[in-house]
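Residues per chain, in single letters:
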Amino acid sequence: MATEEASGGAAGDGGAGSLAFVTMTVGDLRLALPMSSVHAVIRPPELVRIPLGPPGLEGLAHWHGDAVPVLDLATALGRDGGTPDTRETRVVLVGHRGQPVGLRVDAMAGILRSDPDRVDPVTAEDGGLDPAMLDGLLRDGPATILKPDVLIDRQFGDPGESARTASAGGLVGSFGQVTGPGDDRSAGARAAGVIDRLALLVFEVAGQEFALPVERVREVLPAPREIARMARSRAHLLGVMSVRDRLLPLVGLRALFGLDGGREQGAGEQGAGRRVVVVRPGQGQAPVGVLVDEVREILRLDAAQIDPVPPFLAREPEFEDLDGIARADGGRRLVSVLSAGRLFLHGAAIGAETGVGEGSDGMEPARPADAGSTGGMAERFVVFSLAGAEYGLPVAAVREVLRRPDSITPLPNAPDFVSGVLTLRGEVLPLIDQRRLLHLPAAGGEAAAGLARGRVVVVGRDGVGRDGADAARVGLLVDGLSGLLTIPAERIGPAPAVSAAQRRLIRRVATLVPATLGAGSAARLILLMDAESLLDMDRLAGLLVTQR
């Protein structure tokens, strides 16, 4: 997304009293913007759709570390928009209330300078445009001067409402904050003395299910295209991958447990769902990555549901890497719970050959103590996919992630976005269709066929509320589970405010650039949802009815 035009010049550049404009075409219109308001002109970037926005909003783009909303200027002006991109299509980035906003145009016409006496006032509609959005007519263009702030405010609604929303609920809901590394309990739960059941991240390797405690999982990353093998290492020590300019040792469970012939798939054989589960290091221990075929779900089980490995099997070397066997779904599923400590030993074994050993976390580059950093603060999120975009919820808000049920019991007189209810361990759980909630298109074609991989993200509080009622819980129907992700605080910022409903539901966005994820990785924008708003069903229904 290279910048193509000089930008940000003062209005008086080019001569005493002269005015500078960037001119462009949209359909049969020739338009102008004050150069002082233009940050850059770029080629059409890759976009991530942001829900609950106005019709003219095409999505979010990544630009210089910011998540930038991009409007189709034709649609914003009340014209027919949505035309396919051409070689001439450009996005003009303008400043709006402290943040950049992109305006998609058909083509750039150039830079024009004009004397003030060559600018005529707007006396009537020009080209069918609302005069309130116009600032004059350039005789030398000829071109119509736009007021970008008025145009954008009309698309995004009342600019003061965002501040009121923030003051009412804060940029981050009190329930949605992560209080510290490895602590996935809400503050209310801790105050009530409620102890969470063990949360397990379940993944699949060669058709078998394994799990690791969520508190020991740092993040889940896409599998690398290539793995650098180390000389004379054992078969299950696959090699290393680069993460944030550091080397991460990789362990393969196929070879470790002799699954599927013990042969790991090569780079050309890997499926789209393959992931690397990064196990959180202990004090003075190096982290290790576990290569898996697919991340399945997050389960919360009582300690009584996790049995030790039977003594007869525990004596065998291939079982020494297990901490126990979990009985899920009433004992119909058996999930092998891996020992994080043993995996750390595997990581140390290969880390000794790569220089990633004890006393180094192997993941974060060193930072100057006085560089204004957040002291290594980061937040952990459960990331899921929906309609081609990625969304995140704080680990503290997610109780578990389940497979999508084959059938859902409908709930009469429920809001349109409530698909029905599900009985979970004797508790009736309302299921929210995230596509309907966020006004996204219904799944069709390949997307509908892939719903077998859909998941239910259970969001809620533990314990009992102040009024004595059970704490609220809801299930979110999503397309799939991407996994866990630890995001540095400096990579999280407020989401662009495009509507009242979006301000409530999606308040922040994480911007991850290739340097954050490792060489060869594409930039990611993850929309971070507010758990408290999702749990307030009455306010949620009213908010979506009145959305702008």
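Quantities reported herein were computed from a predicted structural model and do not represent experimental measurements.

Draft legend 1. How the structure looks around the overall build of the protein chain. Along its length, the protein chain carries 13 helices and 33 strands. Counting the 548 residues in the protein chain, one finds 49% classified as buried. If you take every contact in the protein chain between residues at least 6 apart in sequence, the share linking residues at least 24 apart comes to 63%. Of the roughly 24,100 Å² of accessible surface on the protein chain, a fraction of 50% belongs to carbon and sulfur atoms.

Draft legend 2. The packing of aromatic side chains, seen in detail. What the rule picks out here adds up to 1 aromatic pair. For the pair F384 and Y391, a centre-to-centre distance of 5.9 Å together with 10 degrees between the ring planes defines the contact as stacked. F384 gets classed as buried once you look at its relative accessible area, which sits at 0%. According to the relative accessible area criterion, Y391 is buried, its value standing at 0%.

Draft legend 3. Molecular detail of the sheet that holds strand β10 (residues 134-138). With respect to topology, 6 strands assemble into an open sheet ordered β8-β1-β2-β11-β10-β9, the strand pairing being mixed. Two strands in the sheet have a free side with no partner beyond their single neighbour: β8 (107-114) and β9 (119-120). Taken together, the 7 bridges between strand β1 (residues 19-26) and β8 define a ladder with antiparallel strand orientation. Note on β8: the bridge partner recorded for A20 is R113.

Draft legend 4. Broad picture of the side chain of R296. Within the secondary structure, R296 is located in strand β19 (residues 294-301). In terms of polar contacts, R296 uses its side chain to reach the side chain of E204, at 2.3 Å. If we skip the residues at most four places from it in the chain, R296 touches V202, F203, E204, E209, R403, R455 and L481.

Draft legend 5. Examining the environment of P494 more closely. Along the polypeptide, P494 turns up in strand β31 (residues 492-494). When the C-alpha positions of P494 and L527 are compared, they lie 9.9 Å apart, and in sequence the two are 33 residues distant. Those residues in contact with P494 that sit more than four places away from it in its chain are R507, R508 and V509.

Draft legend 6. Inspection of the pairing of strand β5 (residues 66-72) at higher detail. For β5, the buried fraction is high: 6 of the 7 residues fall into the buried class. Sheet topology places strand β4 (residues 57-63) next to β5; 6 bridges connect them, and they run antiparallel. Counterpart to G59 in the pairing with β5 is V70. Linking two consecutive strands that pair antiparallel, namely β4 and β5, is a turn of 2 residues; a positive phi of about 50 degrees is found at H64 within it. Sheet analysis places β5 next to strand β7 (residues 99-105), joined by 3 bridges and oriented parallel. Paired with V70 across the bridge in β7 is G102.

Draft legend 7. Main features of the pattern of salt bridges. For the structure shown, the criterion picks out 23 salt bridges. When the shortest N-O distance is used, the salt bridge between E219 and R218 registers 3.3 Å. Look at E219 and you get buried, because its relative accessible area is 1%. Note that E297 is salt-bridged to R403, the shortest N-O span being 3.4 Å. Of this pair, E297 sits in strand β19 while R403 sits in strand β25 (residues 398-403), and the two are 106 residues apart along the sequence. Judged by relative accessible area, E297 falls into the buried class, the value being 2%.

Draft legend 8. Looking closely at the confidence of the model for the protein chain. Mean pLDDT over the protein chain: 75, with 70% of residues reaching 70 or higher. Summarising per-element confidence for the protein chain, the mean pLDDT is lowest in helix α4 (residues 187-191) (38) and highest in strand β24 (residues 389-394) (94). For the stretch residues 353-375, pLDDT sits under 50, and the model shows 46 contacts to residues farther than four places along the chain or on other chains. Across residues 464-470 the pLDDT falls below 50, and counting only partners more than four positions away or on other chains, this stretch makes 5 contacts in the model.

Draft legend 9. Geometry of the side chain of E219. The topology assignment puts E219 in strand β14 (residues 217-222). Within the structure, E219 has its side chain in polar contact with the side chain of R218 (distance 3.3 Å).

Draft legend 10. Summary view of the environment of R455. In this fold, R455 is placed in strand β28 (residues 455-460). Sequence separation between R455 and R403 is 52 residues, and the spatial gap between their C-alpha atoms is 4.6 Å. From its side chain, R455 meets the backbone oxygen of R296 in a polar contact 2.4 Å long.

Draft legend 11. Spatial organisation of the sheet that holds β4. Pairing is mixed across the open sheet formed by 5 strands, whose spatial order is β3-β6-β7-β5-β4. The outermost strands of the open sheet, each flanked by one partner alone, are β3 (38-42) and β4. Strand-to-strand twist in this sheet, taken as the mean axis angle between neighbours without regard to direction, amounts to 30 degrees.

Draft legend 12. Region of interest: the pairing of β10. Here 2 bridges tie β9 to β10, and the two strands are oriented antiparallel to one another. By the bridge assignment, D120 is partnered in β10 with L137. The sheet contact formed by β10 and strand β11 (residues 143-146) spans 4 bridges and is antiparallel. Counterpart to L137 in the pairing with β11 is T144. Hairpin connection from β10 to β11: 4 residues lie between these consecutive antiparallel strands.

What counts and what doesn't
- Residues numbered from 1 in each chain as written.
- Predicted model: local features only at pLDDT ≥ 70, side-chain atom pairs only at ≥ 80, totals over all residues.
- Heavy atoms only, no water.
- Helix = DSSP H or I, 4+ residues; strand = E, 2+ residues; numbered from the N terminus.
- Buried < 20%, exposed > 50% of the residue type's maximum accessible area, 1.4 Å probe, protein only.
- Contact = heavy atoms within 4.5 Å.
- Areas by Shrake-Rupley, 256 points an atom, 1.4 Å probe, with all protein chains shown as cover.
- Phe/Tyr/Trp six-rings, centres within 6.5 Å; stacked < 30°, edge-to-face > 60°.
- Pairing = 2+ DSSP bridges.
- Polar contact = N/O pair within 3.5 Å; in protein donor to acceptor, adjacent residues only side chain to side chain.
- Salt bridge = Lys/Arg side-chain N within 4 Å of Asp/Glu carboxyl O.
- pLDDT = per-residue confidence, 0-100.
- Axes fitted to C-alpha atoms, helices over the stretch in contact; angles between N-to-C directions.

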